[in-house]
Amino acid sequence: MSAPDPTLVPALRDLAATPFEAQVIAALPVDPDDDPVPRAVPGVSLSRVRPTPVVSPKLLAWSDALGEELGLARPTAGSAALAILAGNALAPGMQPYAARYGGHQFGHWAGQLGDGRAITLGELSCPRSEGADATAYELQLKGAGMTPYSRHADGRAVLRSSLREFVCSEAMHALGVPTTRALSLVGTGEAVLRDMFYDGNARTEPGAVVCRVAPTFLRFGNYEIHAAFGEQESLQRLMAHTLRRHYPHIDASDPAAPLHWFSEVCERTAVMVAHWMRVGFVHGVMNTDNMSILGLTLDYGPYGFLEGYDPQWTPNTTDAAGRRYAYGQQPQVALWNLSRLAGALRSLVDGDDGLHAALERYRELFGRTHRTMSAAKLGLGSLAEPGDAEWHNELFGLLAATETDMPIFFRQLSASVPGAGIASGDDAALLAPVRAALYDPDTLDAALAARWRQWLLRWQQRLTHEALSAEQIVARMDAVNPLYLPRNYLAQEAIDAAEQGDLAPLLSLMRVLQRPYVAQAGCDAYAARRPEWARQRPGCSALSCSS
Ligand code: AMP
Ligand code: MG
């Protein structure tokens, strides 16, 4: 490939000199009171609020990939652009606000929540290259200070949780999972008080601000709150804005437009959750206030990636008893959440039949997408042959029978496709993907090994039905089975170093996670099983909500 012609590459802009728009402010009902003190804010969709300045902003990390997509240059130390990303200044046209939303938390209606520490700065129009349509992105600061929705909290975020959100947002994008993005991670130079274990032992931690980016951060809860409080006119305005701005292909004058929209939200949510299951992502807090209307992974808190396969696993210690948001629960929970959104839309839709049909569409599309992805993970075009379903279930029974690292197993499986350098009939080679993924090799007893052999032999047999070469099968598998993931212990290592002022581990992790499907020289440690020391250490496997 020849190098791009430098005269055709648009120069990156200075954020501080980039004009922003505030269409959301013009379109939605705005709180008449601009006092940031926490309070009930009836009727409106948002409140104007300015970020609270911080003493000593320092750029800790920047996403070059997103910066290029947005056409924004990395800010230099002391620059006006850095001040904006810290919440200390505004770019031209920015009219910052916090959104009002409600939500169902852990199955119960929680009333008004809202952006308690997130402040949207404005909308940035991005001329996309290659003739694609221009897209507007919202830039939102998380951890930028108090808003009317801060309730009893401080509006701030700690470095540990901010770094996790920054890393995972960009990693998920590289994994091909729909997600909000993260542009920058800025240290505030201020301490934040947190009780990490909710045990009365609060300590101060370094504070940080993440700049998140998405076409919109609208959640199911934005619609739910208007419906719950009978704010019909606000609900209608929010719906009209949503259609005009984010679903322009739906004819807003059609009385069935809200239903068509809901059906698309169901579809996007189905695809998002199927991707989560594919890569082993566990969101951890799937409350309806954390569900995006664009089907983007939203609000990275106590998330995690499955290591040892266990459908009951949750990284969120707050959910350890109920396991409502465990890995295997996510498809059902998303449907439950969509049902809450459906409930909020009843006044806009004629009868319930269409809403039920849309929910059914979720079920059907999730099932189909999940099956297609599950097949591809095994190198297959489909799982539709007689006996495939039982055989596929047996795999998950085997993975769960003894602690087996799911990502490593799938990645090692592609390395054992017969014909791609591995001879069939070699028992050690046959069981190699299992042995590589086991946390304790002694747990592979004779009975289990026999079941695995049977399963793997059928897999080899099943591959012969595919009209693809061994190399093509490997490519199919490696395109959907990630090699590198932001495992919690890797993020924690980056956090420990960053808290000591060493950003090198964070930068290395970010670099590796940019290309999660491609083996990179010298990066084996990032693709390895979680080390034993990380099993019980806080942050390395399980996390609390405290951030
Ligand atoms: P989350 O569990 O992060 O989705 O947050 C649930 C609600 O609590 C949202 O309304 C957040 O804005 C709010 N919240 C969480 N942490 C803070 C904080 N430190 N300050 C203010 N509000 C917060
Ligand atoms: Mg949230």
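In short, a report on the structure. (Residues numbered from 1 in each chain as written. Chains lettered and ligands numbered in written order. Predicted model: local features only at pLDDT ≥ 70, side-chain atom pairs only at ≥ 80, totals over all residues. Heavy atoms only, no water.)

### Description of helix α11 (residues 406-414)
- Buried residues dominate α11, accounting for eight of its nine residues.
- The complete set of buried residues in α11 reads M406, P407, I408, F409, F410, R411, L413 and S414.
- Tucked inside the fold, the buried residues of α11 contact α7 (257-279), α9 (353-377), α10 (388-401), α12 (427-437), α13 (446-463) and α14 (470-478). (Buried < 20%, exposed > 50% of the residue type's maximum accessible area, 1.4 Å probe, protein only. Helix = DSSP H or I, 4+ residues; strand = E, 2+ residues; numbered from the N terminus. Contact = heavy atoms within 4.5 Å.)

### Regarding the side chain of R181
- Looking at the secondary structure, you find R181 in strand β9 (residues 181-194).
- Its relative accessible area of 7% is what places R181 among the buried residues.
- Within the local environment of R181, its side chain forms a polar contact with the side chain of E69, the two groups lying 3.2 Å apart.
- Here H173 takes part through its side chain, which lies 3.1 Å from a polar atom of the side chain of R181.
- Ignoring sequence-local partners within four residues, the contact set of R181 consists of S63, A65, L66, E69, S169, E170, H173, C211, R212 and V213. (Polar contact = N/O pair within 3.5 Å; in protein donor to acceptor, adjacent residues only side chain to side chain.)

### Notes on the packing of α10 against α13
- One can describe the packing of α10 onto α13 by two numbers: an axis separation of 11 Å at closest approach and a directional angle of 140 degrees. When the axis of α10 is compared with that of α13, the two are oblique. As for the relative orientation of α10 and α13, their crossing is left-handed in sense. Contacts between α10 and α13 involve D388, W391, E394, L395, G397, L398, L399 and A401 from the first element and L448, R451, W452, W455, R458, W459 and R462 from the second. (Axes fitted to C-alpha atoms, helices over the stretch in contact; angles between N-to-C directions. Parallel < 35°, antiparallel > 145°, perpendicular 65-115°, else oblique. Left-handed = near helix turned anticlockwise from the far one by under 90°.)

### Regarding the site of ligand 1
- In the vicinity of ligand 1, 17 residues are found, and the nearest of them are G114, G116, R151, G155 and N290.
- In the model, an oxygen atom of ligand 1 is placed 3.5 Å from a nitrogen or oxygen of the D299 side chain.
- Starting from 480 Å² of accessible surface for ligand 1 in isolation, the protein chains cover 81%.
- Class assignment for the residues of the shell around ligand 1 results in three nonpolar, six polar and eight charged.
- When we break the shell around ligand 1 down by domain, the ones giving at least three residues each are domain 1 (6-215) and domain 2 (233-377). (Near = heavy atom within 4 Å. Areas by Shrake-Rupley, 256 points an atom, 1.4 Å probe, with all protein chains shown as cover. Nonpolar A, V, L, I, M, F, W, Y, C, P; charged D, E, K, R; others polar. Domains from an automatic or database assignment.)

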